[in-house]
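Residue-level listing of the chains:
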Amino acid sequence: MVRVPTVTFNNGKSIPVVGLGTWKSKPGEVTQAVKDAIDIGYRHIDCAFVYGNEKEVGEAITAKINDGTVKREELFITSKLWNTFHRPDLVKGALLKSLENLQIKYLDLYLIHWPQAYKEEAELFPTDEAGKIQFSEVDYIDTWKALEPLAGEGLVKSLGVSNFNSGQLKRLLQVASVKPVTNQIECHPYLNQRRLKDFCESHDIKITAYSPLGSPDRPWAKPEDPQLMEDPKLKAIADRLGKTVAQVLIRYQIDRGNIVIPKSVTRSRIESNFQVLDFKLSHEDVSLIDSFDCNGRLVPMTASLGHKYHPFENDEF
Ligand SMILES: NC(=O)C1=CN([C@@H]2O[C@H](COP(=O)(O)OP(=O)(O)OC[C@H]3O[C@@H](n4cnc5c(N)ncnc54)[C@H](OP(=O)(O)O)[C@@H]3O)[C@@H](O)[C@H]2O)C=CC1
Ligand SMILES: O=C1CO[C@H](CO)[C@@H](O)[C@@H]1O
């Protein structure tokens, strides 16, 4: 069994560099996908309450622990606090719900999914009569302060953020007693996040790259949108190296020092996406791929436009 290398966080804990993404993995297919991934050697699973499939991910985790394939302490399980649970009194309950769904006693990593909060309602996407998302004014700093004691209670080993821009991280770092270990952000050759990565690294915060393959199954994709995995320039590199484009895209993240979480529910792809540990991109190839950046954001979160904490609405990187 191939052992996946790890990245060490600022708190000394380690995370396997490649994890399995689970957004859009249907409840009916995610259990098998996670079981396959664990059989293949994945030890890191990226989950979120809002993905609506944590229970089915939990079934796979339990099955693989019970059949002796893996021990809980060998797995690295991430979940994320959704936007409707930012109010400090709701934070612990949201974490406990994810733990219950995932059938585990602690998370390895819990992230604030987005800096912007939504109205605290039963709906995960609360809308007004006009169909517009209803915002909440809760400050992500107050949310973070509610998360910090949960690390001390043993419910979560590390805390982090997702989709935070540099200004928001700067503000958080001024008051945090527990430092975020990672910022999980969209990252691929069309949006390589050079400036945010440099900023995070200067504060010893690792980047976790989401949508590393260009998220072709994102619900808002249009047929005319460029397809990252079809890019002839990437195909040429992959052909030269005798690898798939997906493998080059995953390796691109690893070779930049990032953690990467490709999603698939297809066993053959889950397997080939993991077969990236026996080669390395040259500095020249990493620089060449860096040059493909075109500010091509695929997950712009347009539903939250106008929110004062929307991370992508000003010049802040
Ligand atoms: N924090 C956040 O806000 C966000 C976090 N994420 C996390 O990052 C993960 C990955 O990002 P995601 O947006 O899902 O997209 P990815 O870039 O991982 O792309 C997933 C898509 O690529 C396909 N695919 C996977 N492997 C291959 C392959 N080898 N060859 C061809 N096609 C392939 C999958 O198909 P199939 O499954 O059918 O095999 C699926 O359609 C998410 O699942 C989630 O866990 C993502 C977005 C936002
Ligand atoms: O992780 C993510 C994917 O799904 C969510 C809900 O649609 C997104 O908001 C988020 O970025």
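Residues numbered from 1 in each chain as written. Chains lettered and ligands numbered in written order. Predicted model: local features only at pLDDT ≥ 70, side-chain atom pairs only at ≥ 80, totals over all residues. Heavy atoms only, no water.

(A) Representation of the UniProt feature "active site" (unreviewed entry) in the protein within the structure. Sequence positions flagged by UniProt for "active site" (unreviewed entry) are, in local numbering, Tyr51. Residue placement: Tyr51 occurs in the loop between β4 (44-46) and α2 (54-66). If near-sequence neighbours (up to four positions away) are discounted, Tyr51 is found in contact with Thr22, Trp23, Asp46, Lys80 and His113. (UniProt positions renumbered as here; feature names shortened; annotations may be inferred. Helix = DSSP H or I, 4+ residues; strand = E, 2+ residues; numbered from the N terminus. Contact = heavy atoms within 4.5 Å.)

(B) Here's a closer look at the side chain of Asn163. Tracing the chain through its elements places Asn163 in the loop between β9 (156-162) and α5 (166-175). For Asn163, a relative accessible area of 2% puts it in the buried group. A polar contact is formed between the side chain of Asn163 and the side chain of Ser162, at a distance of 3.2 Å. If we ignore the near neighbours within four places in the chain, the residues touching Asn163 are His113, Trp114, Pro115, Gln168, Asn183, Gln184, Ile185, Tyr210, Pro311 and Phe312. (Buried < 20%, exposed > 50% of the residue type's maximum accessible area, 1.4 Å probe, protein only. Polar contact = N/O pair within 3.5 Å; in protein donor to acceptor, adjacent residues only side chain to side chain.)

(C) Structural view of the UniProt feature "binding site: substrate" (unreviewed entry) in the protein. Those places that UniProt annotates as "binding site: substrate" (unreviewed entry) correspond, in this numbering, to His113. A relative accessible area of 7% means that His113 is categorised as buried. Excluding anything up to four places from it in sequence, His113 contacts Ala48, Val50, Tyr51, Lys80, Leu81, Trp82, Asn83, Ser162 and Asn163.

(D) Quick look at the pattern of salt bridges. For the coordinates displayed, the defined rule picks out 26 salt bridges. In this structure, Lys280 and Asp255 form a salt bridge, with 3.6 Å as the shortest nitrogen-oxygen distance. With Lys280 in the loop between α9 (267-274) and α10 (283-290) and Asp255 in helix α8 (residues 245-255), the pair connects residues that are 25 residues apart, well separated along the chain. Connected through salt bridges with shared partners, the residues Lys24, Asp217 and Lys263 form a single ionic network. (Salt bridge = Lys/Arg side-chain N within 4 Å of Asp/Glu carboxyl O.)

(E) How the structure looks around the site of ligand 1. In the vicinity of ligand 1 lie 30 residues, with Lys24, Asp46, Ser215, Ser264 and Thr266 positioned nearest. Contact distances for ligand 1 include 3.4 Å between an oxygen atom and a backbone N or O atom of Pro212. Class assignment for the residues of the shell around ligand 1 results in 12 nonpolar, 12 polar and six charged. (Near = heavy atom within 4 Å. Nonpolar A, V, L, I, M, F, W, Y, C, P; charged D, E, K, R; others polar.)

(F) Structural view of the environment of Cys47. Its place among the elements puts Cys47 in the loop between β4 and α2. With near-sequence residues (within four places) excluded, Cys47 lies in contact with Thr22, Glu54, Val57, Ile77, Thr78, Ser79, Lys80 and Leu102.

(G) The arrangement of the nonpolar core in detail. Ranked by size, the top nonpolar core spans 92 residues in total, and within it Val18, Ile77, Leu107 and Tyr110 carry the most contacts. In terms of residue count, α8 provides more of this core than any other element does, seven residues in total. The contact partners of Leu107, leaving out residues within four places of it in the chain, are Arg72, Ile77, Thr78, Ser79, Leu95, Leu99, Leu102, Leu155, Val156 and Lys157. (Core = buried A, V, L, I, M, F, W, Y, C linked by side-chain atoms within 4.5 Å.)

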